[in-house]
Protein chains: 2
Amino acid sequence: MAASRRPTLADVAREVGVSAKTVSRVLNEDGPASARTREQVLAAVARLGFQPNLMARNIRVGGPDTTIGLVIPDLANPFFGAVARAIEDTVGERGLTLLMGSSADDAGRERALTDKFLARRVSILMIVPSVGADHSHLKSHRAAGLPVVFLDRPGVGLSTDSIVSSNRAGAHDGVAHLVAHGHRRIGFIGDLPVKLYTRRERLAGYRTALQEAGLSYDRSLVANAHDQQGAATATAGLLGLADPPTALFAGNNMVALGLVAELARSNRKDIAVVAFDDVPLAEALEPALTVVAQDPEEIGRAAAATALSRLDGDRSRARTITVPTRLIVRGSAERPAPALQEA
Amino acid sequence: MAASRRPTLADVAREVGVSAKTVSRVLNEDGPASARTREQVLAAVARLGFQPNLMARNIRVGGPDTTIGLVIPDLANPFFGAVARAIEDTVGERGLTLLMGSSADDAGRERALTDKFLARRVSILMIVPSVGADHSHLKSHRAAGLPVVFLDRPGVGLSTDSIVSSNRAGAHDGVAHLVAHGHRRIGFIGDLPVKLYTRRERLAGYRTALQEAGLSYDRSLVANAHDQQGAATATAGLLGLADPPTALFAGNNMVALGLVAELARSNRKDIAVVAFDDVPLAEALEPALTVVAQDPEEIGRAAAATALSRLDGDRSRARTITVPTRLIVRGSAERPAPALQEA
DNA sequence: ATGAAAGCGCTAACAC
DNA sequence: GTGTTAGCGCTTTCAT
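Here, residues in each chain are numbered from 1, in the same order as that chain's written sequence. For this description, chains carry letters from A and ligands carry numbers from 1, given in the order in which they are written. Local features are withheld for residues below a pLDDT of 70 in this predicted model, meaning they are given only at 70 or higher, and side-chain atom pairs are given and counted only at 80 or more; totals for whole chains, interfaces and linings count all residues. Computation of side-chain values covers all heavy atoms of the structure but excludes hydrogens and water.

Re the protein's contact with DNA strand C
Part 1: Taken together, the neighbourhood of DNA strand C is formed by 26 residues, with Thr22, Pro32, Thr37 and Arg60 of chain A together with Leu9 of chain B sitting nearest.
Part 2: Put simply, a residue is near a molecule or strand once any heavy atom of it comes within 4 Å of that molecule or strand. Here, DNA strand C places atoms within 4 Å of the protein, and 59% of those atoms are sugar or phosphate.
Part 3: N or O atoms within 3.5 Å of each other form a polar contact, as long as, within protein, one can give a hydrogen and the other can take it, and as long as residues adjacent in sequence are counted only when both atoms are side-chain atoms. In this structure, a base nitrogen belonging to DNA strand C sits 3.0 Å away from a side-chain N or O atom of arginine 60 of chain A.
Part 4: One of the side-chain nitrogen or oxygen atoms of serine 24 of chain B is found 2.8 Å away from a phosphate oxygen of DNA strand C.
Part 5: Segments assigned H or I by DSSP are reported as helices when at least four residues long, segments assigned E as strands when at least two residues long, and all are numbered from the N terminus. Of all elements in the fold, only helix H2 (20–28) and helix H4 (54–61) of chain A together with helix H2 (20–28) and helix H4 (54–61) of chain B reach the threshold of two or more residues within the surface near DNA strand C.
Part 6: By the convention adopted, Pro, Cys, Tyr, Trp, Phe, Met, Ile, Leu, Val and Ala count as nonpolar, Lys, Arg, Asp and Glu as charged, and the other residues, Gly among them, as polar. For the surface near DNA strand C, the per-class residue count stands at 10 nonpolar, nine polar and seven charged.

Laid out in structure tokens, this is it:
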């Protein structure tokens, strides 16, 4: 079958015997139109299955497109999925549609995605910045009125709104909780790369908590992993040390999954655990997993609300919103530390 | 600061002292251009920060936009997140960008989203159909060459490609596994609404497995839930029956989370479980959770591959691709059934 | 209440 | 190698 051309405004106009502009008026409820004309137009639209070309409209009107560009590291990571849903819910009321892409935490892919989004004249740009990415090329866009929001991590080379979790305080609280249960050798498995903002912040919180407890920072207790498999390996590595930790802190949700899986596999019930970011079934584990929960819904909601207020003309200084984390005590930190060997 | 207009092709042309078409040629590597001109153009482009307006280009070229529209029930559901990632990976090689939206399993929202996508002239439309949605309005679009693919469930009123899991066989295998371990009273907690395709298929598989074992179908052992909380309630309800089940089958990932959480909360280690769709940490539970795993990556990949082949002119009959599920035995079905009370 | 013409930013089809 | 003209589908502006 021949691929029949999609009907245009002109087709509808011809069908009814009016001008294109009249059809446009009816459809956009712009200017006046007689009841009879309106009826006929609407009928023809339905008959032909006409759908206005939004791109053509946008071209002519000149304003930004009714889309919002969102760059996240991984569409399949539930944390970012939850953030995305909250964003969609909030901007959806304004009729904005989500244009999404995964950067895989690669600066080049992130740049390619943002460029694509800019070429589409998105009305808002939201980015989870990758390590090594520079955002100074966005200065002119922001100056021209494009709201740009950084999510989860601050961006580099551009002063604009950022929404982050209370990484440092959260990690501190989690580690302090382990300390309170008597642990003195606490391992830390962070995200990769090590320059990642969240990794550094959470490590800083870990170090502060150790310091407050008078514990020295032992580099050999710090490991890194970017996925579940790597976290399992890192866990096994730490537990295989000559002087192994009695407790472990997981730096993010993926690390938590690998870490907990490895402890289960090796049947190490004697290791205390706290994880940063909540995971499903945390409460069904034995013992139930104590976590420093993030609030992805609030991160997404705050990001969207901030961007919308910018869109509405808010020209105040760039702000950084820190969304609080919350320690959820479930039991996995309560394995008592073994009695000290020395003295 | 004044929102300065974004530079256009004409601006670049003026800056260099050439015609707009020449700039266009350089940028698209269309026709020839002297090395000197090319250089000057590129320099001006960089200087002005020019980015071609993709919408304007598309209007003129007339073809579909380089976007793919994807309607899923919930951006935050990890199953659909994994599907989306696989789609993005596959179509990304063709330079297509993802336009996404959540339908919340509502036919009206689904329709609003698809209409938006059509108005944007997406080159591919992928939909997880909601119960009650009719898709006959897409007939003309598909006839005009727009690839339409249904994901996870078949659509209604339109004959086109669909990608689904082997729901019936998978559920059958899971339930048969419970039967093999001696269970004769097996509860089923399915998704809502009850007319949902996957719910019905999986229930059918459950019934077949019972039948094969010579077990009668007991309506009181079938419950429903759409979220984790509801699944927990349903679980408690089934276990509170006068003649309660000794084993439970969870109809999807969300149900599985609620069901397992409830069993943990009420400390019911005596209940055997198999879940449809894998969940994180399944192997770390005690006992580890046996599941009928779906393959979201393959679903996404197959959907994208099918759509791309349509885009390349494949006009063969609509196909339904069934992606196999896989029973992953981990232990939660191995709680022996109690000895029969009677006879 | 409706229409004609011009133009948004870009490229196809011809010039030269 | 480069420029000119026309036109994609729509809306703005100005008529009538």
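Quick look at the relation of the copies chain A and chain B
Part 1: Least-squares superposition of the copies uses the C-alpha atoms of those residues scoring a pLDDT of at least 70 in each of them. Between chain A and chain B, the superposition needs a rotation of 180 degrees and an axial shift of 0.1 Å, giving an RMSD of 0.1 Å. The transformation relating the two chain copies, once decomposed into turn and shift, fits a two-fold axis. Closest to the rotation axis within chain A is the C-alpha of leucine 99 of chain A, separated from it by 2.3 Å.
Part 2: Here 100% of the contact residues of chain A are again contact residues in chain B; the copies associate through an equivalent surface. Note on contacts: a residue pair qualifies if any of its non-hydrogen atoms lie within 4.5 Å across the two residues.

Some details on the interface of chain A and chain B
Part 1: Contacts between chain A and chain B engage 55 residues on the former and 56 residues on the latter.
Part 2: Take a side-chain nitrogen of Lys or Arg and a carboxyl oxygen of Asp or Glu: if they are within 4 Å of each other, that pair is a salt bridge. For the pair chain A and chain B, the number of links is six salt bridges.
Part 3: Arginine 85 of chain B is the partner of aspartate 74 of chain A in a salt bridge, and the nearest nitrogen-oxygen pair spans 2.9 Å.
Part 4: Our count for the chain A to chain B interface comes out at 22 residue pairs in polar contact (both at pLDDT 80 or more).
Part 5: For the side of chain A that touches chain B, the secondary structure elements donating two or more residues are H4, helix H5 (78–92), strand E2 (97–102), helix H6 (107–119), helix H7 (139–143) and helix H11 (253–265) of chain A.
Part 6: Broken down by element, the residue count for the side of chain A that touches chain B peaks at six residues, all from E2 of chain A.
Part 7: Taken together, the residues of the side of chain A that touches chain B sort by class into 30 nonpolar, 12 polar and 13 charged.

Quick look at the packing of aromatic side chains
Residues and elements named next belong to chain A.
Part 1: Note on aromatic pairs: the rings of Phe, Tyr and Trp (six-membered ring only in Trp) are paired at centre separations within 6.5 Å, and the planes decide the class, stacked below 30 degrees, edge-to-face beyond 60, tilted for the rest. If you walk through the whole model with that rule in mind, you get eight aromatic pairs over all chains.
Part 2: Summarising the aromatic geometry, the rings of phenylalanine 79 and phenylalanine 80 are spaced 5.1 Å apart at their centres and angled 75 degrees between planes, so their arrangement reads as edge-to-face. Phenylalanine 80 matches phenylalanine 79 in its accessibility class, with the two residues each being buried.
Part 3: Judged by centre distance (5.0 Å) and plane angle (45 degrees), the ring pair of phenylalanine 188 and tyrosine 206 falls under tilted. Here phenylalanine 188 is found in strand E6 (residues 186–190), whereas its partner tyrosine 206 is found in helix H9 (residues 197–212), with 18 residues between them in sequence. Tyrosine 206 shares its class with phenylalanine 188; the two are buried.
Part 4: Members of the aromatic cluster, joined through ring pairs, are Phe188, Tyr206, Tyr217 and Phe249.
Part 5: Between the NZ or CZ atom of arginine 207 and the centre of the ring of tyrosine 217, over which it lies, the distance is 3.6 Å. The classification of residues rests on relative accessible area computed with a 1.4 Å probe and restricted to protein chains. Under 20% of the type maximum is buried, over 50% is exposed, and intermediate values are partly exposed. Throughout this description, the term charge over a ring refers to an Arg CZ or Lys NZ atom that lies within 6 Å of the ring centre and within 35 degrees of the ring normal.

Here's the deal with the sheet that holds strand E10 (residues 290–293) of chain B
Strands pair in a sheet through their backbones, by hydrogen bonds, and they do so in one of two ways: parallel or antiparallel.
Residue and element names in this part refer to chain B.
Part 1: One requirement defines pairing of two strands: DSSP has to find at least two bridges between them. Spatially, the six strands line up as an open sheet ordered E7-E6-E8-E9-E10-E12, and their pairing is mixed. Taken across any chain shown, the strands that pair with only one partner, and hence form the sheet edges, are strand E7 (222–224) and strand E12 (326–328). With strand direction ignored, the average angle separating the axes of adjacent strands in the sheet is 20 degrees.
Part 2: Along the sheet face, helix H10 (residues 228–239) touches strand E6 (186–190), E7 and strand E8 (247–250) and points at about 155 degrees away from the line of E6. Every axis corresponds to a line fitted to the C-alpha atoms, with the helix fit spanning only the stretch in contact, and the corresponding angles, defined between N-to-C directions, vary from 0 to 180 degrees.

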